[in-house]
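# Breakdown of the fold
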Amino acid sequence: MKNICIGLMWVFVLSFHLLAAPGLAAAGKNGLSQGQTIYVPAYSHIYSGDREKPFLLTVTLSIRNTDPDHGIQVTRVDYYETQGEILRRYLDAPLTLKPLESVRYVVAQSDSSGGSGANFMVEWQSEKNTSVNPPIAETIMIGTQIQQGVSFTSRGQVIREK
């Protein structure tokens, strides 16, 4: 029962934090952009109990082109660990997402190298230097252990406009 209460507390705290946090911001007056760098928080594990026992999570990064008329190019998807060291570069060449297309990258539950402060850096640009609806970049974390499950999302934050 104690583990269930701790799990529910984490879900409540994280849900409140995510709902209160600012959404993905677009710099243009009309909400359009030609490109951005997005910081996306991720958690390869969270802690539970008095002894801060790691609770391992599968992390899925989802990048969604929200523009119904224009494609975008994803030019960088990098995964960093808690101390800011790069763990993985996912792209060797730019990836084009057609209108309303999505792509996902998964960090396995058994891969705890990112830690509780892991993150992704995502860069994108519009095709033909046109202003488009910015994509949504978010992580979905899920884990199950001993009859306990935890899942939550974390939305990216724009840190630089093109």
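Above this text sits the structure in question.
Residues numbered from 1 in each chain as written. Predicted model: local features only at pLDDT ≥ 70, side-chain atom pairs only at ≥ 80, totals over all residues. Heavy atoms only, no water.

## Some details on the environment of E127
- Mapped onto the elements of the fold, E127 is located in the loop between β9 (119-126) and β10 (136-145).
- The spacing of E127 and G35 is 92 residues in sequence and 9.4 Å in space, taken between C-alpha atoms.
- Setting aside residues up to four positions removed in sequence, E127 forms contacts with G71, I72, Q73 and T96. (Helix = DSSP H or I, 4+ residues; strand = E, 2+ residues; numbered from the N terminus. Contact = heavy atoms within 4.5 Å.)

## Some points on the pattern of salt bridges
- Using the criterion set out here, one finds 5 salt bridges in the structure.
- For R88, the salt bridge identified is with D111, shortest N-O distance 2.9 Å. Taken as a pair, R88 in strand β6 (residues 86-89) and D111 in the loop between β8 (102-107) and β9 lie far apart in primary sequence, 23 residues in all.
- Judged by relative accessible area, R88 falls into the partly exposed class, the value being 29%.
- When its relative accessible area of 18% is taken as the criterion, D111 is described as buried.
- One salt bridge in this structure joins R155 and E138, with 3.6 Å as the shortest N-O distance. Taken together, the residues span a long stretch of sequence, with R155 in strand β11 (residues 148-155) and E138 in strand β10 at a distance of 17 residues. (Salt bridge = Lys/Arg side-chain N within 4 Å of Asp/Glu carboxyl O. Buried < 20%, exposed > 50% of the residue type's maximum accessible area, 1.4 Å probe, protein only.)

Function cannot be read off these values alone, since they describe shape.
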